[in-house]
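As a plain string of letters, each chain reads:
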Amino acid sequence: MNHFFVTPKDIREDQVLITGSDVGHITRSLRLSAKDKITVADGEGNKYLVELIRTTNEVVEGQIIEEIERKVESTVEITLIQGVPKRKKKMDLIVQKCTELGIDKIIPIITERTVVKLTDKKANKRQDRWQKIALEAAKQSRRAKVPTIAKIKDFAQMPAVASDDLALIPWEDEDTTGIKEVMQEQNVSKVVILIGPEGGFSQSEVNQAKKIGFKPVSLGARILRTETAGITAVALAQYELGDLGAMKQLINS
Ligand code: SAM
C-alpha cells in the first residue's frame, strides 16, 4: 500500500488533503482514484489508513478510515552525529539507511579531519538534499515520522549530552569496551552516536567528547568505513534497545 506524508494542518477532523508533487504521483503515476486506499503519516508519529474520495490535478482528498497504531516508530530515540564524508553520495547512503533503521535525527559535523570544505550556501544545499532523501526513505519504509537532518555544525557546536542520553563515540583505538556491554544498559530511551569522517577523530576530539559525556566503544577489530560505522552502530542500538528484530507489528501494512 502506498505511503505519503502530509503536515498536521492538512488533516482536518477525519479528512486528509494532499497537495504538491504527491498529487501527480497518486493520480498519474499510480493511477489511484476514489475508493482506493493509501496510508498517510503526519510526520509527527501519527499514521492513518485513508480511502481516497476525490482526485483532481491539484489536490487529492481522502477520508481517514482508522489511525494505525504508532508501532512503526522505534521506542528508542537515536541521534547520529556524523563527520561529513568527502563525497556527498556517502552521506546520501548514511541518511537513507539510518532512516530505514528508524533514526530520529542526523547532525552532520565538520571535524579536524573532514576533507570537504563547504560554503554556507553549499552546506544549506546539502542539508536540503539530505532532508529530501530522508523523506523518500521514510515513505519507502512507511514510517510515521521523517527524521530531521540538521544544519551542518562544527565539532565544537555539538549539542550537550543530557544525563539520560546514552552517548557513544565509536573509536577504533578503543580496546577495552565493546558496544555490546554498553548497549545493554537498562532503561535507555535516547542514544547519541558520534562517528568520525574517513580520517577518524583526533586524540583531542576524543578527549573532548569524553569530557562532555561520550563513552568510547569499539565496533570490533576491523576498521569500518565511516558510512559502514554509522549504519552499523545505529542498527546495533536498535537491535539491543529498540525494535529491530522485534516481532513485526501488524500495522495494516
Ligand atoms: N582512523 C581510522 C583508520 O585507521 O583508518 C579511520 C576512521 S574510520 C574510517 C571512520 C569512523 O568510523 C571512526 O572515526 C569511528 O567513529 C568509526 N569506526 C570505524 N571502525 C571502527 C571500529 N572498529 N571501532 C569503533 N569505531 C570505528
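On a predicted model such as this, the values are computed, not experimentally measured, just so you know. (Residues numbered from 1 in each chain as written. Predicted model: local features only at pLDDT ≥ 70, side-chain atom pairs only at ≥ 80, totals over all residues. Heavy atoms only, no water.)

> Sorry, what's going on with the side chain of Gln-127 here?
As for its placement among the helices and strands, Gln-127 is situated in helix α3 (residues 120-140). Here Gln-127 is in contact with Ile-149, Ala-150 and Lys-151, once residues within four sequence places are set aside. (Helix = DSSP H or I, 4+ residues; strand = E, 2+ residues; numbered from the N terminus. Contact = heavy atoms within 4.5 Å.)

> What is the right way to look at a positive patch on the surface in this model?
Residues Lys-88, Lys-89, Lys-121, Lys-122 and Lys-125 make up a contiguous surface patch of positive charge. Going through the elements one at a time, α2 (88-100) and α3 are the ones with two or more residues in the positive patch. Of the residues forming the positive patch, the biggest block, three residues, is contributed by α3. Locating Lys-121 in the fold gives a position in helix α3. (Patch = residues over 30% accessible without salt bridge, like charges linked within 9 Å, V, L, I, M, F, W, Y side chains within 5 Å. Areas by Shrake-Rupley, 256 points an atom, 1.4 Å probe, with all protein chains shown as cover. Salt bridge = Lys/Arg side-chain N within 4 Å of Asp/Glu carboxyl O. Lys, Arg positive; Asp, Glu negative; His and termini not counted. Charge placed at Lys NZ, Arg CZ, Asp CG, Glu CD.)

> I keep staring at the sheet that holds strand β4 (residues 37-41) and nothing clicks. Help me out?
Through backbone hydrogen bonds, the strands of a sheet pair up, either in parallel or in antiparallel fashion. Judged by pairing direction, the sheet is mixed, and its six strands sit side by side in the order β1-β4-β5-β6-β3-β2 without closing on themselves. In this open sheet, the two strands that pair with only one neighbour each are β1 (3-5) and β2 (11-12). In terms of strand pairing, β1 meets β4 through three bridges, oriented parallel. What sits directly across from Phe-5, in β4, is Ala-41. Relative to β1, helix α1 (residues 21-29) is tilted by about 160°, and along the sheet it contacts β1, β3 (15-18), β5 (47-55) and β6 (60-68). (Pairing = 2+ DSSP bridges. Axes fitted to C-alpha atoms, helices over the stretch in contact; angles between N-to-C directions.)

> Explain the site of the ligand to me, please; I cannot follow it from the model alone.
As a matter of local geometry, the ligand sits amid 19 residues, with Pro-170, Glu-172, Leu-219, Gly-220 and Arg-222 nearest to it. With respect to the ligand, the backbone of Arg-222 contributes an N or O atom lying 2.7 Å from a nitrogen atom. For the ligand, a nitrogen atom lies 2.9 Å from a polar atom in the backbone of Leu-224. Taken by itself the ligand offers 580 Å² of open surface, and the protein chains cover 83% of this. (Near = heavy atom within 4 Å. Polar contact = N/O pair within 3.5 Å; in protein donor to acceptor, adjacent residues only side chain to side chain.)

> I keep staring at the domain arrangement of the chain and nothing clicks. Help me out?
Many analyses report the size of an interface as the accessible area lost when the parts associate. Domains assigned within the chain are domain 1 (3-67) and domain 2 (77-241). Each of domain 1 and domain 2 has a C-alpha centre, and the two are 33 Å apart. In this complex, domain 1 contributes ten residues to the contact, which on the side of domain 2 involves eight residues. A buried area of about 680 Å², summed over both sides, lies between domain 1 and domain 2, and 62% of it is on carbon and sulfur atoms. Together, His-3, Phe-5 and Lys-47 form the three largest contributors to the area buried by domain 1 at its contact with domain 2, with a combined 64%. Taking the shortest distance from any N to any O, the salt bridge between Lys-139 and Asp-22 comes out at 2.8 Å. If you look at where domain 1 meets domain 2, you find five residue pairs in polar contact (both at pLDDT 80 or more). Taken together, the residues of the side of domain 1 that touches domain 2 sort by class into two nonpolar, four polar and four charged. (Domains from an automatic or database assignment. Buried area = accessible area lost by both parts, 1.4 Å probe. Nonpolar A, V, L, I, M, F, W, Y, C, P; charged D, E, K, R; others polar.)

> So what exactly am I meant to see when it comes to the packing of α2 against helix α6 (residues 226-241) here?
Describing two packed helices takes the angle between their axes plus the distance from one axis to the other. Across the interface, α2 lies against α6 with an axial gap of 9 Å and an inter-helix angle of 10°. When the interaxial angle is binned, α2 and α6 end up roughly parallel. In this structure, α2 contributes Lys-90, Leu-93, Ile-94, Lys-97 and Cys-98 to the contact, and α6 contributes Glu-227, Gly-230, Ile-231 and Val-234. Of the residues assigned to the contact of α2 with α6, the class counts are five nonpolar, one polar and three charged. (Parallel < 35°, antiparallel > 145°, perpendicular 65-115°, else oblique.)

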